[in-house]
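Survey of secondary and tertiary structure
Here is what each chain is made of, one letter per residue.
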Amino acid sequence: MSAAQISNGVFEIAQRGGVVIGPAKVMIVAVPSAAGVSQDELDRGGAQPKTMAIPAKYNEDSVLNAEIEAGEGAQTIDFDLE
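Below is a summary of the structure that appears in this document.

How each quantity is defined
Position numbers for residues start from 1 in each chain and track the written sequence from start to end. In view of the model being predicted, local features appear only for residues whose pLDDT reaches at least 70, and side-chain atom pairs are presented and counted only at 80 or more, with totals across whole chains, interfaces and linings using the full set of residues. The basis for every side-chain value is the complete set of non-hydrogen atoms in the structure, without hydrogens or water. Per the convention used, a helix needs a DSSP run of H or I reaching at least four residues, while a strand needs a run of E reaching at least two, with both numbered from the N terminus. N or O atoms within 3.5 Å of each other form a polar contact, as long as, within protein, one can give a hydrogen and the other can take it, and as long as residues adjacent in sequence are counted only when both atoms are side-chain atoms. Residue contacts follow a heavy-atom distance rule, with two residues in contact if any of their heavy atoms lie within 4.5 Å. Type-normalised accessible area, obtained with a 1.4 Å probe on protein chains alone, sets the label of each residue: buried when under 20%, exposed when over 50%, and partly exposed for intermediate values. At least two bridges found by DSSP between two strands are what make those strands a pair.

Turning our attention to the side chain of asparagine 59. Checked against the element boundaries, asparagine 59 lands in the loop between helix H1 (39-43) and strand S2 (64-68). Within the structure, asparagine 59 has its side chain in polar contact with the backbone oxygen of proline 55 (distance 3.2 Å).

Along the chain, the position of methionine 1 falls in the segment before strand S1 (22-26). When the C-alpha atoms of methionine 1 and valine 20 are compared, they prove to be 8.5 Å apart, with 19 residues separating the residues in sequence.

Among the structural elements, serine 62 can be located in the loop between H1 and S2. In contact with serine 62, not counting residues within four places along its chain, are Lys25, Val26, Met27, Ala56 and Lys57.

Of the two faces of S2, only the one carrying Leu64, Ala66 and Ile68 is buried; Asn65 and Glu67 on the other face are not. As judged from the five bridges shared by S1 and S2, these two strands associate in the antiparallel manner. Residue pairing across strands places glycine 22 opposite isoleucine 68, the latter belonging to S2.

If you want it as structure tokens, here you go:
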């Protein structure tokens, strides 16, 4: 599992070597205030609110997927949330 904070619509997963290559299920979770939340806490699944501000189809019942490609450098993956 990898986690990252989203700020102004941008996220980066560079911690601990990034993510595993291949298909990945993506979950987007709204945290009322992520200020002061450590990467370790995010990685453990902490800081998740009891009520979600984002529809379940993007988090616990996620329909979002990504294909993580091998190689060096940044990879841009955009998600169109309706």
